[in-house]
Amino acid sequence: METPRERWVGADAGPIVRPYAVTRGRTRPRGLDVDLVTLLVATGRTPGERVWLSREQRRLLELCRRPSTPADLASDTDLPLRVVQILLADLHQYGLVEEVHQAEPAGRSTGRPDPKILMRVLDELRRL
């Protein structure tokens, strides 16, 4: 009776690492829980002496030099969104990334979206 062979994707694929290995077994972020479109940016601080960043965290930090969303970061790094959210929460906890808060124009603090933007979105959806 033959033993089943391991199936390799190919030499170009590189090593396969399970998502839970990247997040050290965690399935939920500690602290900051960002959604798909939260803008994050690097603070410019350097990690402390006792902070060890994984290769994935260093890549995310590099990409956050410009304001980025978790959805964009997941796409750029080919990591699952939840893994990116967990790693970003770690970076936030270390003080290396922060949320970008956009200021409301004077007199527009209703919390409701701008009707002009909604009309543009609707027009673009109709074009599809």
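The protein chain appears in an unreviewed UniProt entry as DUF742 domain-containing protein from Actinomadura physcomitrii.

Caption draft 1: The overall build of the protein chain, seen in detail. Scanning the protein chain from N- to C-terminus turns up five helices and two strands. For the protein chain, the succession of helices and strands along the chain, N to C, is α-β-α-α-α-β-α. Within the protein chain, contacts between residues separated by at least 24 positions form 72% of all contacts whose residues are at least 6 apart in sequence. Accessible area of the protein chain: about 10500 Å², with a carbon and sulfur share of 51%.

Caption draft 2: Representation of the nonpolar core in the model. If you look at the biggest cluster of nonpolar residues, it comprises 18 residues, and the most contacted ones within it are L60, L61, L73, V84, L88 and L91. Listed by contribution, the elements that provide at least two residues to this core are helix 2 (55-63), helix 3 (70-77) and helix 4 (81-93). The element that contributes the greatest number of residues to this core is helix 4, accounting for five residues. Contacts of L88, omitting those with residues within four sequence positions, involve L40, L60, C64, P70, L73 and V97.

Caption draft 3: Region of interest: a nonpolar patch on the surface. On the surface, a cluster of nonpolar side chains totalling about 450 Å² of accessible area is made up of I117, V121, L125 and L128. Relative to the assigned elements, I117 resides in helix 5 (residues 115-127).

Caption draft 4: Spatial organisation of the packing of helix 3 against helix 4. Viewed as axis vectors pointing N to C, helix 3 and helix 4 meet at an angle of 115°, and their least axial separation amounts to 9 Å. Comparing their axes, helix 4 and helix 3 come out roughly perpendicular. For the pair helix 3 and helix 4, the crossing hand works out as right-handed. Along the contact surface, helix 3 presents P70, A71, L73, A74 and T77, while helix 4 presents L81, V84 and L88. Looking at the contact of helix 3 with helix 4 residue by residue, the classes come out as seven nonpolar, one polar and no charged.

Caption draft 5: Fine view of the packing of helix 2 against helix 3. Close contact between helix 2 and helix 3 brings their axes to 11 Å; oriented N to C, the two are set at 125°. With respect to each other, helix 2 and helix 3 are oriented oblique. Pair helix 2 / helix 3 crosses with right-handed handedness. Between helix 2, through R59, L60 and L63, and helix 3, the contact on the second element is made entirely by L73, D76 and T77. In terms of residue class, the contact of helix 2 with helix 3 is made up of three nonpolar, one polar and two charged.

About the cut-offs
- Residues numbered from 1 in each chain as written.
- Predicted model: local features only at pLDDT ≥ 70, side-chain atom pairs only at ≥ 80, totals over all residues.
- Heavy atoms only, no water.
- Helix = DSSP H or I, 4+ residues; strand = E, 2+ residues; numbered from the N terminus.
- Contact = heavy atoms within 4.5 Å.
- Areas by Shrake-Rupley, 256 points an atom, 1.4 Å probe, with all protein chains shown as cover.
- Core = buried A, V, L, I, M, F, W, Y, C linked by side-chain atoms within 4.5 Å.
- Buried < 20%, exposed > 50% of the residue type's maximum accessible area, 1.4 Å probe, protein only.
- Patch = residues over 30% accessible without salt bridge, like charges linked within 9 Å, V, L, I, M, F, W, Y side chains within 5 Å.
- Salt bridge = Lys/Arg side-chain N within 4 Å of Asp/Glu carboxyl O.
- Axes fitted to C-alpha atoms, helices over the stretch in contact; angles between N-to-C directions.
- Parallel < 35°, antiparallel > 145°, perpendicular 65-115°, else oblique.
- Left-handed = near helix turned anticlockwise from the far one by under 90°.
- Nonpolar A, V, L, I, M, F, W, Y, C, P; charged D, E, K, R; others polar.

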